[in-house]
Amino acid sequence: MLEILSQHTKPNAIWIWGNDTLEDIYYKLEIEHDIRPDFEEYGNHINYNPKWIHSEAAEKYKGCVMIFTSPYVRLITDDKKIIERCEKAVNEYKKTEEYKRARIEYLKIEAEKERERRERIKRLNNKNKTA
């Protein structure tokens, strides 16, 4: 089973979206490296045990893997060859300095957001104590 959820714009008509093919997915992963660090939170790019909200989806995708490396690479499959090729592309890119730098930058941004969130909570708690 293979269901490709991502799309792309057409080069000669960027306002028109078209469905991705498997070759488009491979190109995005292997050539463009469309693999974002923030998508590690979604099963580390390849979720081997996705949780489905609706029982119909759980039944439909039973035994499938969700590959989700960016908004532009999303697919569901149980095809071992597809999974292995995507795994290889993701793992190879994650070893690069480019990805490592992007991940460090992402983690810094997330840490700052968390620091700011905690500060807001602290200010609200102090405000409520004095009210």
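Fair warning: this is a prediction, and the values are worked out from it, not measured in the lab.

K.L.:
Hey, could you go over the overall build of the chain for me, with residue numbers and the actual values?
P.N.:
The helix and strand inventory of the chain stands at four helices and six strands. For the chain, the succession of helices and strands along the chain, N to C, is β-β-β-α-β-α-β-β-α-α. Here the C-alpha radius of gyration of the chain, 19 Å, is well above what a compact globule of 131 residues would show, namely 14 Å. If one aligns the C-alpha atoms of the chain with their principal axes, the spans along those axes are about 60 × 40 × 35 Å.

K.L.:
I'd love a proper account of the nonpolar core, names of residues and values included.
P.N.:
The nonpolar side chains of soluble globular proteins are, as a tendency, buried together. By size, the foremost hydrophobic cluster in this structure holds 16 residues, and its most contacted members are Ile25, Leu29, Ile35, Ile67 and Cys86. Secondary structure elements with two or more residues in this core: helix 1 (22-30), strand 5 (65-70), strand 6 (73-77) and helix 3 (80-94). The residues touching Cys86, leaving out its near neighbours within four places in the chain, are Ile25, Tyr26, Leu29, Ile46 and Ile67. Of all hydrophobic cores here, the second largest spans seven residues; its members include Ala57, Cys64, Met66 and Phe68.

K.L.:
How would you summarise the pairing of strand 6 if you had to cite specific residues and measurements?
P.N.:
Most of strand 6 is tucked away: four of the five residues are buried. Pairing of strand 1 (residues 2-4) with strand 6, which is carried by three bridges, proceeds in the antiparallel orientation. Residue pairing across strands places Ile4 opposite Leu75, the latter belonging to strand 6. Note: strand 5 against strand 6, five bridges, orientation antiparallel. Among the inter-strand pairings, Val65 is bridged to a residue of strand 6, identified as Thr77. Connecting strand 5 to the next strand, strand 6, in antiparallel fashion are two residues.

K.L.:
Which residues make up the environment of Tyr72, and what values do they have?
P.N.:
Position of Tyr72 among the secondary structure elements: in the loop between strand 5 and strand 6. Remark: the alpha-carbon pair of Tyr72 and Trp17, spanning 55 residues in sequence, is separated by 12 Å. Filtering out sequence-adjacent residues up to four positions away, Tyr72 remains in contact with Ser6, Trp17, Asp20, Lys28 and Asp34.

K.L.:
Residue-level account of the pairing of strand 5, with values.
P.N.:
Of all six residues that make up strand 5, six are buried, and the element is covered over most of its length. Where strand 4 (residues 46-47) meets strand 5, two bridges bridge the pair, whose relative direction is antiparallel. Bridged to Ile46 within strand 5 is Ile67.

K.L.:
An account of helix 1 is requested, with residue identities and associated values reported.
P.N.:
Every buried residue of helix 1 is listed here: Ile25, Tyr26, Lys28 and Leu29. All buried residues of helix 1 fall inside an arc of 160 degrees around its axis, so they share one side.

Quick notes on the rules
Residues numbered from 1 in each chain as written. Predicted model: local features only at pLDDT ≥ 70, side-chain atom pairs only at ≥ 80, totals over all residues. Heavy atoms only, no water. Helix = DSSP H or I, 4+ residues; strand = E, 2+ residues; numbered from the N terminus. Rg over C-alpha atoms; globule rule 2.2 N^0.38 Å. Core = buried A, V, L, I, M, F, W, Y, C linked by side-chain atoms within 4.5 Å. Buried < 20%, exposed > 50% of the residue type's maximum accessible area, 1.4 Å probe, protein only. Contact = heavy atoms within 4.5 Å. Pairing = 2+ DSSP bridges. Arc of directions from axis to C-beta.

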